[in-house]
Amino acid sequence: SSSSSSGEKILSSSSLSSSSVLSTQQQQQQQTTTTTTGKTKATSSSARAGSKSKKSSSRKDGSSSSLKREEIKSLSAYPYQNVAEQSVEARREQLLNAIDWGVVENGEEALRIFDEQVAKSQSQEKSSIEMFFDETPNARIFLKFVVFPAVFSQTMNYSFIEPYFDAEFDSMGENVAAEMLPMHLRQDILQNVERNEQMREYEIQMGRAPQLTDKQKIQARIKDAKAIEEKTIKERKKELSNRWTDVAFISAFFMSFFGRRSAAKDWIDQTKNWFFDLGPANQAFILLLSSDVLVGYHSADGWNTVLESLGEKYGIADNHAAISIFTALVPVGMDVLFKFWVFKYLRKLAPSTQIILDDIDRH
């Protein structure tokens, strides 16, 4: 009986130990299952979070790419991406687009500030000569309508006109005087030769020059004639050059005038404004001085002098009949036009000046 009880104890203890082993194994399996489930849950959650982050990043990338596309599209019309390198026109167009899109409020004020900044930067970049012409518009007008035609005409004279006439006269040889000198110039040469011969005879008679034989007198006469003829030929070439040089000047003036009509109109408007900004007395003084010089009582002598000087410059013989007709018609016509302008226009533009002129005419 003692042996059976001991065997039962042993069996019970072994069954207990086996059950405890089984329970520990079950606990370990449960722990492993719980850890694996936790890991799977963590991995699934991390995968979900990664997919969400990928989606959000993809959305961000898509939005940024769309913004970049819009930016590139908005800047595709301009050659430079850097604002500092863009031209003034491109920056102004961008500002206008921003105003149209509603990005910039108070567009007129923004445009005004932009134009002021551009003008300031351009004025800082201008040289002293450009600033001088901007401050004195009359100097710019004088340069366009006087200096430029004068430089152009003189360049044409020394480059083409004078060399042409030099070659033309040289090609004629000894017959240049007969072909190129008009009759009145040859008569002047003869008169100058006779005058020199008379002066030579006078010096001989007064004892200040030695006696000359007939052969020496002929040689002296021929020498004087050749010298005077060469001088006259040079003057004739100069006269012909003056004609074409002045033609070039007038052509350049009209090209400047009609090619820059806005500048010519500004010049006329500035002259009008300057004249009408003067006082009535000063206006009347300028008008009286101009009219008396051009169409006054003693203006005929001035016109005669001017026409004779022009004829001498261009090598035209004096024609007193043509000069008399000109001085009888042109000043009278200018006087009539001046009085008509005063009667019809000046009394509306400057009535005080017209009253002063009427008072002067009465006295």
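Before reading on, note that the structure itself is shown above.
This structure is a prediction, so every number in the text was calculated from the model and none was measured.

Visitor: Give a description of helix 12 (residues 320–349) that names residues and reports values.
Guide: The end-to-end C-alpha distance of helix 12 is 41 Å, a good match for the 44 Å that 30 residues give at a rise of 1.5 Å each. Where helix 12 bends most, at Val 342, the angle is about 40 degrees. For helix 12, the full list of buried residues reads Ile 323, Thr 327, Pro 331, Val 342 and Leu 346. Contacts made by the buried residues of helix 12 are with helix 9 (261–277), helix 10 (280–295), helix 11 (299–314) and helix 13 (351–362).

Visitor: I'd like to hear about the packing of aromatic side chains, residue by residue, with values.
Guide: Two descriptors summarise a pair of aromatic rings, namely the distance from one centre to the other and the angle between the planes of the rings. This structure, assessed with the given rule, holds 11 aromatic pairs. An angle of 55 degrees between the planes, with centres 6.2 Å apart, marks the rings of Phe 145 and Phe 257 as tilted. Here Phe 145 is found in helix 5 (residues 137–172), whereas its partner Phe 257 is found in helix 8 (residues 214–259), with 112 residues between them in sequence. Note on Phe 145: relative accessible area 2%, which makes it buried. Residue Phe 257 is classed as partly exposed on the basis of its relative accessible area, which comes to 24%. Taken together, the aromatic side chains of Phe 145, Phe 253, Phe 254, Phe 257, Phe 258 and Trp 267 make up a single cluster linked through ring pairs.

Visitor: Residue-level account of the nonpolar core, with values.
Guide: If you look at the biggest cluster of nonpolar residues, it comprises 14 residues, and the most contacted ones within it are Phe 169, Val 176, Met 180, Leu 181 and Ile 233. Take this core: its biggest share by element is 4 residues, from helix 5. With 7 residues, the next largest nonpolar core counts Phe 275, Val 342, Leu 346 and Ala 350 among its residues.

Visitor: Let's hear about the pattern of salt bridges: which residues, and what values?
Guide: Tallied over the full model, the rule gives 12 salt bridges. Here Arg 112 and Glu 116 are joined by a salt bridge, their closest N and O atoms 2.6 Å apart. Of this pair, Arg 112 and Glu 116 both sit in helix 3 (residues 107–125), 4 residues apart, which is roughly one turn of the helix. Using a relative accessible area of 46% as the deciding quantity, one classes Glu 116 as partly exposed. The partner of Arg 200 in a salt bridge is Asp 224, with the nearest N and O atoms 2.2 Å apart. With Arg 200 in helix 7 (residues 183–205) and Asp 224 in helix 8, this residue pair connects regions lying 24 residues apart in the sequence.

Visitor: Any chance you could break down the side chain of Ser 299 for me, citing the residues and the numbers?
Guide: With respect to the helices and strands, Ser 299 occurs in helix 11. Setting aside chain neighbours within four positions, we find Ser 299 in contact with Asp 292, Val 293, Leu 294 and Pro 331.

Visitor: I'd like to hear about the packing of helix 8 against helix 11, residue by residue, with values.
Guide: Close contact between helix 8 and helix 11 brings their axes to 7 Å; oriented N to C, the two are set at 110 degrees. Classified by the angle their axes make, helix 8 and helix 11 are roughly perpendicular. Facing helix 8, whose interface residues are Glu 239, Asn 242, Arg 243 and Asp 246, helix 11 presents Glu 312, Lys 313 and Tyr 314. Along the lines of polarity and charge, the residues of the contact of helix 8 with helix 11 split into 1 nonpolar, 1 polar and 5 charged.

Quick notes on the rules
- Residues numbered from 1 in each chain as written.
- Predicted model: local features only at pLDDT ≥ 70, side-chain atom pairs only at ≥ 80, totals over all residues.
- Heavy atoms only, no water.
- Helix = DSSP H or I, 4+ residues; strand = E, 2+ residues; numbered from the N terminus.
- Expected span 1.5 Å × (residues − 1).
- Bend = angle between axes of the 7 residues up to and from the residue.
- Buried < 20%, exposed > 50% of the residue type's maximum accessible area, 1.4 Å probe, protein only.
- Contact = heavy atoms within 4.5 Å.
- Phe/Tyr/Trp six-rings, centres within 6.5 Å; stacked < 30°, edge-to-face > 60°.
- Core = buried A, V, L, I, M, F, W, Y, C linked by side-chain atoms within 4.5 Å.
- Salt bridge = Lys/Arg side-chain N within 4 Å of Asp/Glu carboxyl O.
- Axes fitted to C-alpha atoms, helices over the stretch in contact; angles between N-to-C directions.
- Parallel < 35°, antiparallel > 145°, perpendicular 65-115°, else oblique.
- Nonpolar A, V, L, I, M, F, W, Y, C, P; charged D, E, K, R; others polar.

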